[in-house]
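Descriptive structure summary
So the chains spell out like this:
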Amino acid sequence: MKLKNLNVEAVIFDYGNTLIEFGPEQVTIQNDALLSTLSELFGACDEEKFTTIRRKQIIAPYATEKFIENDRFTISMELVKELYSVTPNDEQIQRMLDTKYQSFLNTITCPDFVIPLLKKLRKKYRLAFISNFPCVKSITDSLRKTGLIDIFESIVVSGDVGVVKPHPLIFRKSLKEINLKPEKCVYIGDNWLADIQGAKRMNMQAIHTTQYVSYENFESFDGDFLPDAEIAHLNQLEDLLLREI
């Protein structure tokens, strides 16, 4: 499949389940770590209720058209209140946040093929990065851990912007940092709503990757934009972007 617009200058990447795997297995590891900390701080809790609350919190930014990113402090406090009917103090909340940060960092690995692929793409395109995640430090430190941080000209995280994709503001910030119009960019991501609809609404081309199983599943609706291309593995970008454009 060829892209319609051949005049592309930049490739913008999503992170989780696009460049790296961050699906149900990684979420389970994070949740188990948080459960352990909660049990230490407040006692045993209803794990089924915990999972339900965490799932609700993860998708909460998409519940309205405002697409407001979660406040990490607030959702940690709400989790404890719902599970234990007590209000945690600042020190306890910080323990929870530290656990989330460390367990996230521990789960992040970069497949061997990703950096060589990005370096090939960088010879022809400017590369940028947009991630939906409330903790900016978690993302930047994980990029540093994997060696990805120096690959991208621009790194934008929703926790710094206050809204999540598909909100246009987060895309505009990226475009401003690379000083390009959306028509000059192609966006690559796994999330149907956040990545594909968000990018297409901005008049970017969009490539949908289905390589990994996402923990955020959004159904398509009549009238949705279709991606300009779909790939089953990120390595297919080499044919799509380096040989056909």
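Shown above is the structure to which this text applies.
Reference entry: report on the structure contained in this document. (Residues numbered from 1 in each chain as written. Predicted model: local features only at pLDDT ≥ 70, side-chain atom pairs only at ≥ 80, totals over all residues. Heavy atoms only, no water.)

**Some remarks on the overall build of the protein chain**
Counting its secondary structure elements, the protein chain contains ten helices and six strands. Its C-alpha radius of gyration of 19 Å places the protein chain within 12% of the 18 Å reference for a compact globule of 245 residues. Dimensions of the protein chain, computed from the C-alpha atoms along their principal axes, are close to 60 × 40 × 30 Å. Split into buried and exposed, the 245 residues of the protein chain put 52% on the buried side. Taking all contacts inside the protein chain whose residues are at least 6 apart in sequence as the whole, residues at least 24 apart take part in 73%. Treating the 29 positive side-chain charges of the protein chain as one cloud and the 35 negative ones as another, the clouds have centres 7 Å apart. (Helix = DSSP H or I, 4+ residues; strand = E, 2+ residues; numbered from the N terminus. Rg over C-alpha atoms; globule rule 2.2 N^0.38 Å. Buried < 20%, exposed > 50% of the residue type's maximum accessible area, 1.4 Å probe, protein only. Contact = heavy atoms within 4.5 Å. Lys, Arg positive; Asp, Glu negative; His and termini not counted. Charge placed at Lys NZ, Arg CZ, Asp CG, Glu CD.)

**Concerning a negative patch on the surface**
Negative charge collects at one region of the surface, where Asp-32, Asp-46, Glu-47 and Glu-48 lie side by side. If you trace the backbone, Glu-48 turns up in helix α2 (residues 47-59). (Patch = residues over 30% accessible without salt bridge, like charges linked within 9 Å, V, L, I, M, F, W, Y side chains within 5 Å. Areas by Shrake-Rupley, 256 points an atom, 1.4 Å probe, with all protein chains shown as cover. Salt bridge = Lys/Arg side-chain N within 4 Å of Asp/Glu carboxyl O.)

**Topic: helix α5 (residues 114-122)**
The α-helix advances 3.6 residues per turn, and as a result positions three or four apart in sequence lie on the same side. Taken together, the buried positions of α5 are Val-114, Leu-117, Leu-118 and Leu-121. End-on, the buried residues of α5 take up no more than an arc of 95°, which puts them together on one face. Of the surrounding secondary structure, the elements contacted by the buried residues of α5 are β1 (10-13), β2 (126-131) and α10 (237-243). (Arc of directions from axis to C-beta.)

**Comments concerning the nonpolar core**
Core analysis: the largest hydrophobic core is formed by 39 residues, its most contacted members being Phe-13, Leu-19, Leu-118, Ile-207 and Leu-241. Counting only elements with at least two residues in this core, the list comes to β1, α5, β2, α6 (136-146), β4 (185-189), β6 (229-231) and α10. A per-element tally of this core places α5 first, with four residues. In contact with Leu-241, not counting residues within four places along its chain, are Leu-3, Val-11, Leu-121, Lys-124, Tyr-125, Val-186, Ile-188 and Ile-207. In this structure, Ile-12, Ile-178, Trp-192 and Ala-199 belong to the second largest nonpolar core, which totals 18 residues. (Core = buried A, V, L, I, M, F, W, Y, C linked by side-chain atoms within 4.5 Å.)

**Regarding the side chain of Glu-69**
Mapped onto the secondary structure, Glu-69 falls in the loop between α2 and α3 (72-84). For the buried residue Glu-69, which engages in no salt bridge, the nearest side chain bearing the opposite charge is Arg-72, 9.0 Å off. Polar side-chain contacts of Glu-69 include one of 2.5 Å to the side chain of Ser-158. Excluding residues that lie within four positions of it along the chain, Glu-69 makes contacts with Pro-61, Asn-132, Phe-133, Pro-134, Ser-158, Gly-159, Gly-162, Val-163 and Val-164. (Polar contact = N/O pair within 3.5 Å; in protein donor to acceptor, adjacent residues only side chain to side chain.)

**A word on the sheet that holds β1**
Judged by pairing direction, the sheet is parallel, and its six strands sit side by side in the order β3-β2-β1-β4-β5-β6 without closing on themselves. What marks the edges here is a single partner per strand, and that holds for β3 (154-157) and β6. Direction aside, the axes of adjacent strands within the sheet are offset by 20° on average. With four bridges joining them, β2 and β3 adopt parallel strand pairing. Within β3, the position partnered with Ala-128 by the bridge is Ser-154. (Pairing = 2+ DSSP bridges. Axes fitted to C-alpha atoms, helices over the stretch in contact; angles between N-to-C directions.)

**Focus: the pattern of salt bridges**
Opposite charge on two side chains lets them pair, provided their charged atoms get close. Here the structure, examined in full by the defined rule, presents ten salt bridges. Between Glu-9 and Lys-184 there is a salt bridge, with its nearest N and O atoms 3.7 Å apart. Taken as a pair, Glu-9 in the segment before β1 and Lys-184 in the loop between α8 (168-178) and β4 lie far apart in primary sequence, 175 residues in all. Judged by its relative accessible area of 33%, Glu-9 is partly exposed.

**Notes on the state of the cysteines**
Scanning the entire structure with this criterion turns up zero disulfides. Considering cysteine sulfurs only, Cys-135 is the nearest to Cys-110, which forms no disulfide, with 19 Å between them. (Disulfide = S-S within 2.5 Å.)

**Here's the deal with helix α9 (residues 192-201)**
Counting buried positions along α9 yields nine of ten residues, so the element is predominantly enclosed. Taken together, the buried residues of α9 touch α8, β4 and β5 (205-209). Capping the start of α9 is the job of one residue whose side-chain oxygen sits 3.0 Å from the backbone nitrogen of Leu-193: Asn-191. Directly after α9, the chain includes Asn-203, whose backbone phi takes a positive value near 75°.

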